[in-house]
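What the coordinates show
Below are the chains, spelled out letter by letter.
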Amino acid sequence: MMNGYISVSNLEKEYVTASREIVHALTEINFEIAEGEFISVVGPSGCGKSTLLKILGGLLAKTSGTCTLKNTPIDGPRNDVGIVFQDPVLLLWRNVLQNTMLPAEILGLDAKKTLPRAHDLIKLVGLDGFEDKYPHELSGGMRQRNAIIRALIHDPNVLLMDEPFGALDAMTREQMNLELQRIWLESKKTVFFITHSIPEAVFLGDRVIVMTPRPGRISEIITVDIPRPRSLSTMGDEMFVELTQRIRNLLYVEGSLD
Amino acid sequence: MSNDTQGSGTPKSAGGPSLSETLLQRPYLLFGVSFVVLLVVWEWTVNYFEVDDFIFPAPSGVATALMRGLFFYDVGSGVGGAADFMGLMKTSFYNHISHTLFEAVMGFFMGSFIGLGLGLVFMQSKWVEAIIMPYVVAFQTLPKLAIAPLFIIWFGYEVKSKIFLAGLVAFFPLLVNTMVGLKSAATDQIDLMRSLSASRWQMFWKMQFPNALPFIFAGFEIAVVFSLLGAILGEFVGAGQCMWGGRGQCGLGILLMQMSFSSDTTGTFAILVILSCMGLGMHQVVRFVKKKVLFWAPETDKQMGA
Ligand SMILES: Nc1ncnc2c1ncn2[C@@H]1O[C@H](COP(=O)(O)OP(=O)(O)OP(=O)(O)O)[C@@H](O)[C@H]1O
Ligand SMILES: [Mg+2]
């Protein structure tokens, strides 16, 4: 069955280190993602989450197996994919608006169309009034929001996010979770979202991929049947607590969470 | 003292900021105060121990020599005597200053921009970089003093050899810093650009080059100081004729040599003061441009203070 929007089957990834050792980073990775689905990924440090994301983003070559997006193999970066990296990776010499417009510029999109869209996005994440501020004048959360809308400017169908909120404090993080859910509900993109936080994974995901290390593999894919929009009080629900506990058990049985 | 008993949480008490706080918050004021103290101690020590001017002049003597040279065109204490066999002392300070400044500034622009340009070119190919780099390192470790006489042979005693020498020493900081700067792009930044299928050209101008700018400006800051050094070095090795105004030979380096021949320590100190002011001034100009261009870089922000 290879008809998912994104399909990954029998994916293997081995790194060859500088000292010619072979690191088996991913093995037997199989999953499918439906169009418009929000997939969360959790797993201990070093289990190959970022490796998987980079392969999906066409930034890293796989060792074997198949990865397809819309039934075409992923063999390089594609314009219909937006990536949010673990760090915001804003260009320091560009202000909020210019950073947001970077993909549009590089892809040569018509500024007449993308500029109004940039302003809409800036408003959407509450950065209006900061268009001409530079990264060093923004808070960590603002930078992260800037990085998120940069990934959205060229209206990609797929959003790959690598621990985008890892560096934020708990309160900002919850706010960002709510905002991300809102953006997703409005745009219905297919999202692949890596996180270290189990509650975050459950809160945002339609399904949660739980990974274990050495070598990185999928231990289970858990469906989150909680209606949307979810609010912070959802985290107190019985179902939510049950799911997070189940994931926690999976991780503690197979390896330790750092 | 009563502040201490109120706990360390409230450094600013009702009495307003103390003297030490005021000084620490204003580095220029602090420098001014320490400088005055230094001068006073220096003057007093020299007078008290009756140190000979020839060994170590008092600041008042240096100031007098400086004023005489700057305002009365009368350089050095041994004026007109046998020491002045080259007529150097009758040439205004400003002629010496302008010659040295000219050499240093020309050398700076030539050397640093060629260094910057070559750095940009070399980094376009890993092959070129790998082949060139050992030579660059080897050449850089060579003491430039050893090359100076060669430059006199190749380019003559006139201003050209000084400019080229200043250029040479300004060249390397820019070459090396440009190369290091272009390599400094984080993998994340490269991945970002790659994920957008950026062309090599876009990768370079939209990311790599601006990313290298803080390194390049650090290079300029070093180069501007080095270029003055290079010019003086060139003048030490071979004196050139005055190009404009003044008779005989021009350049602060030449004047410095001359004063050392005539054992004019006070005059030497005066020239050193001028040289350090020139170096400081040129450095400040570069810093000014750097702050304008690199307003976005976090380091400059910290250095700017208030
Ligand atoms: N370029 C590389 N060369 C060699 N080994 C690598 C390389 N990149 C990653 N690895 C190894 O592959 C494994 C998976 O790394 P990866 O970065 O994908 O983990 P991760 O799950 O994203 O971890 P974290 O949660 O800490 O970000 C690790 O053991 C790591 O040491
Ligand atoms: Mg990672």
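Up top is the structure these notes are about.
One numbering rule holds for all chains: residues counted from 1, following each sequence as written. In the order they appear in the text, chains get letters beginning with A and ligands get numbers beginning with 1. With pLDDT at 70 or above as the cut-off, local features in this predicted model cover only qualifying residues; side-chain atom pairs require 80 or more to be listed or tallied, and sums for whole chains, interfaces and linings still use all residues. Values reported for side chains reflect all heavy atoms of the structure, with hydrogen atoms and water molecules removed beforehand.

Focus: the interface of chain B and chain A
Residue contacts are counted whenever heavy atoms from the two residues lie within 4.5 Å of one another. Listed per partner, the contact involves 19 residues of chain B and 23 residues of chain A. Here the quantity called buried area is the total loss of accessible area, with a 1.4 Å probe, experienced by two parts when brought into contact, counted for both. For the pair chain B and chain A, the summed buried surface comes to about 2000 Å²; carbon and sulfur atoms form 66% of the total. Salt bridges are defined as contacts in which a side-chain nitrogen from Lys or Arg sits within 4 Å of a carboxyl oxygen from Asp or Glu. One can count two salt bridges joining chain B with chain A. A 3.5 Å cut-off defines polar contacts: any pair of N or O atoms within that distance qualifies, except that in protein one atom must be a possible hydrogen donor and the other a possible acceptor, and neighbouring residues in sequence count only when both atoms are side-chain atoms. At the junction of chain B with chain A, the criterion picks out four residue pairs in polar contact (both at pLDDT 80 or more). For the purposes of this entry, the term helix denotes a DSSP run of H or I that reaches at least four residues, the term strand denotes a run of E that reaches at least two, and both are numbered from the N terminus. Elements supplying a minimum of two residues to the side of chain B that touches chain A: α9 (187-195), α10 (200-237) and α13 (298-304) of chain B.

Some points on the site of ligand 1
Residue and element names in this part refer to chain A. Only a single heavy atom is needed: when it lies within 4 Å of a molecule or strand, its residue is near that molecule or strand. Looking at ligand 1, the residues that line it are Y15, T17, A25, S45, G46, C47, G48, K49, S50, T51, E163 and H196. The contact in question runs from an oxygen atom of ligand 1 to an N or O atom on the side chain of T51, over 2.5 Å. Under the convention used here, a 1.4 Å probe and the Shrake-Rupley method define accessible areas, while residue burial counts only the protein chains that appear. Contact with the protein chains covers 63% of the free accessible surface of ligand 1, which is 630 Å². In terms of residues, the shell around ligand 1 owes the most to one element, helix α1 (residues 49-56), which gives three residues. Residues are grouped as follows: Ala, Val, Leu, Ile, Met, Phe, Trp, Tyr, Cys and Pro are nonpolar; Asp, Glu, Lys and Arg are charged; all remaining types, including Gly, are polar. Classifying every residue of the shell around ligand 1 by side-chain character gives three nonpolar, seven polar and two charged.

Regarding the state of the cysteines
Here, the term disulfide refers to a pair of cysteine sulfur atoms separated by no more than 2.5 Å. Within the structure shown, the criterion is met by one disulfide over all chains. Between C242 of chain B and C250 of chain B runs a disulfide, and the two sulfur atoms are separated by 2.0 Å. Across the S-S bond of C242 of chain B and C250 of chain B the torsion is about 85 degrees, and the bridge reads as right-handed. Here the two residues C242 of chain B and C250 of chain B agree in accessibility, since each one is buried. You can see C67 of chain A has no disulfide; the closest cysteine sulfur is in C47 of chain A, sitting 16 Å from it. Taking the relative accessible area as the measure of exposure, C67 of chain A reaches 2% and is therefore buried. The thiol sulfur of C277 of chain B is not disulfide-bonded, and the nearest other cysteine sulfur, from C250 of chain B, lies at 20 Å. Residue burial is assigned from relative accessible area. The probe radius is 1.4 Å, only protein chains are included, and a residue is buried under 20% of its type maximum, exposed over 50%, and partly exposed in between.

Considerations on the pattern of salt bridges
All names here are of chain A. All told, the structure shown has 15 salt bridges over all chains when counted by the stated rule. Note that E200 and R173 form a salt bridge whose closest N and O atoms lie 2.7 Å from each other. Of this pair, E200 sits in helix α6 (residues 198-204) while R173 sits in helix α5 (residues 170-187); the two residues are 27 residues apart in sequence, bridging distant segments of the chain. Between E220 and R246 there is a salt bridge whose closest N-O contact spans 2.9 Å. Placement of E220 in strand β10 (residues 217-223) and of R246 in helix α7 (residues 238-254) is noted, with a sequence separation of 26 residues between them.

Observations regarding the sheet that holds strand β4 (residues 64-69) of chain A
Residue and element names in this part refer to chain A. Paired strands, as defined in this entry, are two strands with at least two bridges between them according to DSSP. Taken together, the four strands give an open sheet; going across it, the order is β2-β1-β4-β5, and neighbouring strands pair in antiparallel fashion. The open sheet terminates on both sides in strands that have one partner only, identified here as β2 (22-33) and β5 (72-73). Taken together, the five bridges between strand β1 (residues 6-16) and β4 define a ladder with antiparallel strand orientation. Residue pairing for β4: V8 is matched across the bridge by C67.

Quick look at the packing of α10 of chain B against helix α11 (residues 252-261) of chain B
Residues and elements named next belong to chain B. Note on definitions: angles span 0 to 180 degrees between N-to-C directions of axes, and those axes are lines fitted to C-alpha atoms, for helices only across the stretch in contact. In contact at an axis separation of 7 Å, α10 and α11 are set at 50 degrees when each is read in the N-to-C sense. The orientation of α10 with respect to α11, classified from their angle, is oblique. In this structure, α10 crosses over α11, and the sense of that crossing is right-handed. Residues I232, E235 and F236 of α10 lie in contact with α11, whose contacting residues are L252, G253, I254, L256 and M257. The labels follow the angle: roughly parallel below 35 degrees, roughly antiparallel above 145, roughly perpendicular from 65 to 115, and oblique for the rest. We call a crossing left-handed when the near helix sits turned anticlockwise from the far one by less than a right angle, and right-handed when that turn is clockwise.

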